[in-house]
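Structural description and commentary
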Amino acid sequence: MSVAPAAPRLRIRAIELYERPVRFVKPFRFGAVTVEAAPQAFVRALIGVEGKGEAWGAAAEMMMPKWFDKRPDRSPADTVDGLRRSLVEAREGYLADGRLDTAFGHHAAFTPRMEPKLAAAFGPAQIDKAVLDGLLRVLGLNAFQGLGANAAGLDARLAPDLGGFDLDGFLRGLSPLGEVELRHTVGLLDKPEDLARRTHLRWFKIKLGGDVSADVERLTELAAVLETAVPGYRTTLDGNEQYRDADHVAELLDRIDASPALAGFRRALAYLEQPIAREAALARPLGAVAERVAVIIDESDDGYDAFPQARVLGYRGVSSKSCKGLYKAMLNRARCAAWGPPHFISAEDLTCQAGLSVQQDTALVAFLGIPHAERNGHQYGEGFGSEAEGAAFLDAHPGFYERGADGTVRLATGAGRLATAPLSGPGYAHAADFGAGPDWSGLSPLSKPTSALSEGVHP
C-alpha cells in the first residue's frame, strides 16, 4: 500500500535513553507477581523533517517486571533488564537507518531480534512515541490533528489483511473524545471496602488470581460493596494469564452464573481480558466460552498478526496499550472498523505514570474513540519526580492535573474522567513549549543490560 502523500519524511538524528526509580505507594499484585517498585524509562529523540526543520521529542513508560516476560526462569530483575535491552537494541537499529522515511516507515523497517516478542516490542514502541512527538512539534500539530492527518504515514504493510482498506479516510473520520472515563483497577491485594470511597467512578477492572473458588469468593465481596456504593457500576475482569485453558475459564463462569449474589455483577460484566496463558491462549479455540462472555487478548498481542489469529479462535477484542505500540493499536482499531461488531478495542494500562506516559496514552485512547480506560498509575505510583516537575506539568496542562490537599500535583481524577483538551498543544500530548517535561537533570542514563540476557536474543 502506498504511503499517504501528506506524510513527511524524516531522519532520526539522535536517541537518548534514561530511567528513574518509582516507588509504589502500595503493593500492586497482578497475576502471580507483586510489585512495590519499578523503574520508569524515558526516551528523547532528535528528528529532522525533510524541508521543515528539526525538534526533540520525548516519551516515558514503566518497565514493569514479570509482565512482558513471564518465563519462570527469569527473575523480576531479569525481565526489567530485558526491557532495557529492547530499548538499546531499538536505539541501535533506528539510528543505523539513516534513510529519509516516514515515522511509520522507520518503525516498519526495524525488526527486533530478541525474545519474547512482547518484550522485544517495548523499545521500538517507546522510540516511536518520541519520534512522533518530535515530528508533530516540527509540523505544529497536536496529537489529534497529527494522528488524524496520518502524519506518521501509517499503512498496511505490517497488516496485509487491511490491504484495500482506506486507512487515510478512516483516520480522518475518527472523532477524538473530549473526555475519557476512568476505569479503576482493583488489584489482588486491594481491599473490597476501599471501593466504597470510589463513588465518583462507574467502571472497575478486577484482577483474577486463577483459583476459581478464591476468585468467586473475592468477586462476591467486591460485588456486595459495589452494588451498595456504586449503583449502575460496570466492570471488566483481567485474568492476567492465570487460567490454564478454556475449560478452566468455563468453570469460573459456571460458578459466577450459579451464584445469586453475583447476578448483578454478571450483568455488569463487559468483557474478560486475557484469562489464558499466552503459550496456550492462541493454541485452541475458545469454544463455548466465546458465546458466554466477550474475551480479549492482551499479553498475547505480541505482533501485528496476533489479533487476526485470535479472532479466528473466538476472541472478540484486543487491548490498546502504548507500551505495546501505538501503531499496532491504530491498525487494530482499523480492523475493528473493517470487521464490524462484535469486534472492539479496549484501553488498558500498565501503570502509566503522571507526565508523558499517561498523557500520550490518554491522547491515543481519545483519538481511537475508546470511551473508558483503565488508569492505575495515579493510585500505585508516586507521581512526578519532583515538585518542580509536577508544577510545570500542572501549569502546562491545567484540568488534566490538580493540586491535592497535601500540595502534591496528581492526575485530576475527581470527576471520574479525564479531559483531553489539556492535551491538545503542539506535539504528541507534550507541552514542551510551555516548559512541561521530565526533569532530565534528575534522570539517570539507562542502566546497561546485563550480558546474561544475551541468550534471549536470537540470530
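Coordinates for the structure precede this section.
So, here's what we can say about the structure. Predicted model, so just to flag it, every value in this text is computed and none were measured.

A closer look at the packing of aromatic side chains
- In total, this model carries 15 aromatic pairs according to the counting rule given.
- Centre to centre, the rings of phenylalanine 104 and tyrosine 327 are 5.3 Å apart; their planes meet at 80°, and the pair counts as edge-to-face. Highlighted residues: phenylalanine 104 in helix H2 (residues 103-109) and tyrosine 327 in helix H13 (residues 326-339), separated in sequence by 223 residues. For the pair formed by phenylalanine 104 and tyrosine 327, the shared burial category is buried.

Quick notes on unusual backbone geometry
- Residue glutamate 115 is joined to proline 116 through a cis peptide bond whose omega torsion reads -5°.
- Along the chain, proline 116 turns up in the loop between H2 and helix H3 (117-120).
- With an omega of 10°, the peptide bond between proline 341 and proline 342 qualifies as cis.
- If you trace the backbone, proline 342 turns up in the loop between H13 and strand E10 (344-347).

Some points on the sheet that holds strand E3 (residues 53-62)
- Spatially, 4 strands are ordered E3-E2-E1-E15 in an open sheet, and the strand pairing comes out antiparallel. The sheet is open, and its two edges are formed by E3 and strand E15 (444-445), each paired on a single side.
- Pairing of strand E1 (residues 10-30) with strand E2 (residues 33-49) involves 16 bridges; the strand directions are antiparallel. Paired with leucine 10 across the bridge in E2 is valine 49.
- Here helix H1 (residues 76-96) sits on the sheet in contact with E1 and E2, set at roughly 165° to E1.

Section: the packing of helix H7 (residues 212-229) against helix H8 (residues 246-257)
- With their axes 10 Å apart at the nearest point, H7 and H8 run at an angle of 35° to one another. Seen along the crossing, H7 lies across H8 with a hand that is right-handed. Of the residues in H8, those in contact with Val212, Ser213, Asp215, Val216 and Leu219 of H7 are His248, Glu251, Leu252, Arg255 and Ile256.
- Split into classes, the residues belonging to the contact of H7 with H8 amount to 5 nonpolar, 2 polar and 3 charged.

A short note on the pattern of salt bridges
- Applying the stated criterion to the full structure yields 38 salt bridges.
- Ionic pairing is found between glutamate 241 and lysine 70, a salt bridge with its closest N-O pair at 2.7 Å. Taken together, the positions of glutamate 241 in the loop between strand E6 (234-238) and H8 and lysine 70 in the loop between E3 and H1 put the pair 171 residues apart, joining distant regions of the chain.
- For arginine 335, the salt bridge is made with aspartate 161, and the minimal N-O distance between the two is 2.8 Å. Here arginine 335 is found in helix H13, whereas its partner aspartate 161 is found in the loop between helix H5 (143-148) and helix H6 (167-173), with 174 residues between them in sequence.

Section: the nonpolar core
- Counting residues in hydrophobic clusters, the biggest one holds 150 residues, and the most contacted among them are Met64, Phe68, Tyr315, Tyr327, Met330, Tyr401 and Tyr428.
- With near-sequence residues (within four places) excluded, methionine 64 lies in contact with Phe24, Phe28, Phe30, Val35, Ala38, Val80, Leu83, Leu350 and Thr351.

Considerations on the pairing of strand E7 (residues 269-273)
- Counting buried positions along E7 gives 4 out of 5 residues, so the element sits mostly inside the fold.
- Pairing geometry for E6 and E7, over 3 bridges, is parallel. Counted as the bridge partner of aspartate 238 is glutamate 273 from E7.
- As defined by bridge partners, E7 adjoins strand E8 (residues 295-297) across 2 bridges and the pair is classed as parallel. Paired with glutamate 273 across the two strands is isoleucine 296, which belongs to E8.

About the criteria used
Residues numbered from 1 in each chain as written. Predicted model: local features only at pLDDT ≥ 70, side-chain atom pairs only at ≥ 80, totals over all residues. Heavy atoms only, no water. Phe/Tyr/Trp six-rings, centres within 6.5 Å; stacked < 30°, edge-to-face > 60°. Helix = DSSP H or I, 4+ residues; strand = E, 2+ residues; numbered from the N terminus. Buried < 20%, exposed > 50% of the residue type's maximum accessible area, 1.4 Å probe, protein only. Pairing = 2+ DSSP bridges. Contact = heavy atoms within 4.5 Å. Axes fitted to C-alpha atoms, helices over the stretch in contact; angles between N-to-C directions. Left-handed = near helix turned anticlockwise from the far one by under 90°. Nonpolar A, V, L, I, M, F, W, Y, C, P; charged D, E, K, R; others polar. Salt bridge = Lys/Arg side-chain N within 4 Å of Asp/Glu carboxyl O. Core = buried A, V, L, I, M, F, W, Y, C linked by side-chain atoms within 4.5 Å.

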